[in-house]
Amino acid sequence: MLDPKPMTVATLYIVATPIGNLEDMTYRAVRILGEVDLIAAEDTRHSLRLLTHFGISKPLTSYFDHNQQLKGERILHALRQGKSVALISDAGTPCISDPGYQLVRDAVAEGIPVVPLPGACAAITALSASGLPTDTFTFAGFPPSRQGKRRTFISGMSALPGTLILYEAPHRLVDTLNDVQEVLGERQVIVARELTKMFEECIRGTVSEVIATVSQGVVRGEVVLLIAPGAVALQESEPLENVLGRLMAEGTFSLKDIAKQAALISGVSRSEAYGEALRLKNDINRD
Ligand code: SAM
C-alpha cells in the first residue's frame, strides 16, 4: 500500500504511538519513523526508549508545550528545506491533549503536506469499551484543576448530547467525580484506568457508586472518565427501546442492571425501563 505522499516530498507526519502496550505500535508507524529525517518528540528521553525498542535510530529534537514557538519554527525550517519530520508525543496521538496543534496549523498554512498516522488514543480506546453511546460524543480533555472553574466547565457540558469524555489526573479523580455528581446529578460514569496495560480496569456505575469504589484506596495510573448523556440530552436522541436494545445486545449485564442504566440514560423510571426490558426480552425469545 502506497503512502498518500511519497517520502521524497517534505512532509510532516503526525504519528500515534502506544498508550502503554508496545504491541499497539503500528507497522506503518515503525516504518515512517525509520524513514523520516527528523523526529520531534515531547520528551526525547522517554521516546528514545520506544524508538530503541523498535530499532529506530534517527535524529531527535524536543517539541513540548513551553518551547513550541521556537522549536516549531525550526521544524518548519527543516520542512521548508525538503526534510521530512515525524511528530510523536509521550503516548497516544499527538495534538490530543498533547503538543502539536500549532505546528500542524502552521505547516498547513505554508502548504506543507501533513500526513496523520492513526493509532492509539486513550479517549477513543476508553469510549470503544464503555458501552455508552458512541454516535455522538464530546471529548473535552483535562478539566481545570481549581474547583470553581471545574464546576463551571462541567456545567457548560450539561446539555450536550452524547457521551462526555475527560482526561483526569488520578489524584484529582474523586474531586472531579464529586463535582460531576454535584453539577450533573446521578449519571452513569466509567473510569477507564491503565488501558492496554497490566492493571487495566473499567469501573462502572452511577457516579456515587464509582465514587464509593474509587474512594476505597488510592487511584493509581492513568484514567479516562466517561459520563453518560443526561436525560434531557438523550431523550431526544435515543428512545428507551433503542437504549435497551443496545444494552441487551452487549449481553454483559443483567436485565435489572440494563433497566437501571437505561432509566438513567432515557430519563424514565426504573420500573418503566424494567417493564419495557422484559417485554423486549420476551419478544426476542418468541422470535
Ligand atoms: N495524546 C494522548 C492520547 O492520544 O490519548 C493523551 C495525552 S494526555 C497528556 C495523557 C492523559 O491521557 C492521561 O492523563 C490520561 O487521562 C489519558 N491516558 C493516557 N494513557 C492512558 C491509559 N493507558 N489509560 C487510561 N488513560 C490514559
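One can find the structure itself at the top, above this paragraph.
Everything in this summary refers to the structure shown in the same document. For every chain, the first residue of the written sequence is number 1, and numbering continues from 1 along that sequence. Predicted model: local features are reported for residues with pLDDT of at least 70 only, side-chain atom pairs are reported and counted for 80 or more only, and whole-chain, interface and lining totals are derived from all residues. With hydrogens and water stripped out, all remaining heavy atoms of the structure feed into the side-chain values.

A closer look at the site of the ligand
In the region of the ligand, 19 residues are neighbours, and T93, D98, A122, Y167 and V223 sit closest. The term polar contact refers here to a pair of N or O atoms within 3.5 Å; inside protein, the definition further demands a hydrogen-donor-capable atom paired with an acceptor-capable atom, and it admits residues adjacent in sequence only when both atoms are side-chain atoms. Contact distances for the ligand include 3.0 Å between a nitrogen atom and a backbone N or O atom of I19. At 2.6 Å, a backbone N or O of V223 approaches an oxygen atom of the ligand. Relative to its unbound accessible surface of 570 Å², the ligand loses 91% to contact with the protein. Residue assignment for the shell around the ligand shows that the elements contributing at least two residues are β7 (163-168) and β10 (223-227). The classification used treats Ala, Val, Leu, Ile, Met, Phe, Trp, Tyr, Cys and Pro as nonpolar, Asp, Glu, Lys and Arg as charged, and all other residues, Gly among them, as polar. Of the residues contributing to the shell around the ligand, the split by class is 11 nonpolar, 3 polar and 5 charged. Reported domain spans reflect what an automatic or database domain assignment gives. No fewer than three residues from each of domain 1 (12-120) and domain 2 (138-155 + 163-227) sit in the shell around the ligand. Residues are labelled near a given molecule or strand when at least one of their non-hydrogen atoms is within 4 Å of it. For the accessible areas, the method is Shrake-Rupley and the probe is 1.4 Å, while residue cover comes only from the protein chains on display. The helix and strand labels rest on DSSP assignments: H or I over at least four residues marks a helix, E over at least two residues marks a strand, and numbering proceeds from the N terminus.

Side note on the environment of L226
Within the secondary structure, L226 is located in strand β10. Considered as a pair, L226 and A126 are 100 residues apart in the sequence and their alpha carbons are 7.9 Å apart. Only heavy atoms matter for contacts: two residues are in contact if any of them lie within 4.5 Å across the pair. Leave out the neighbours within four places in its chain, and L226 touches A126, L127, S130, L132, T163, L164, I165, Q188, V189, I190 and A192.

A closer look at the nonpolar core
Side-chain atoms within 4.5 Å link the members of a nonpolar core, which is a set of buried Ala, Val, Leu, Ile, Met, Phe, Trp, Tyr and Cys residues. Under the scheme applied here, a residue whose accessible area is under 20% of the maximum for its type counts as buried, over 50% as exposed, and between as partly exposed, the area being computed with a 1.4 Å probe on protein chains only. Ranked by size, the top nonpolar core spans 19 residues in total, and within it L177, V191, L225 and I227 carry the most contacts. Within the residue set of this core, elements represented by two or more residues are β7, α7 (173-184), β8 (188-193), α8 (207-214) and β10. In contact with L177, not counting residues within four places along its chain, are V189, V191, V207, V210, I211, V214 and L225.

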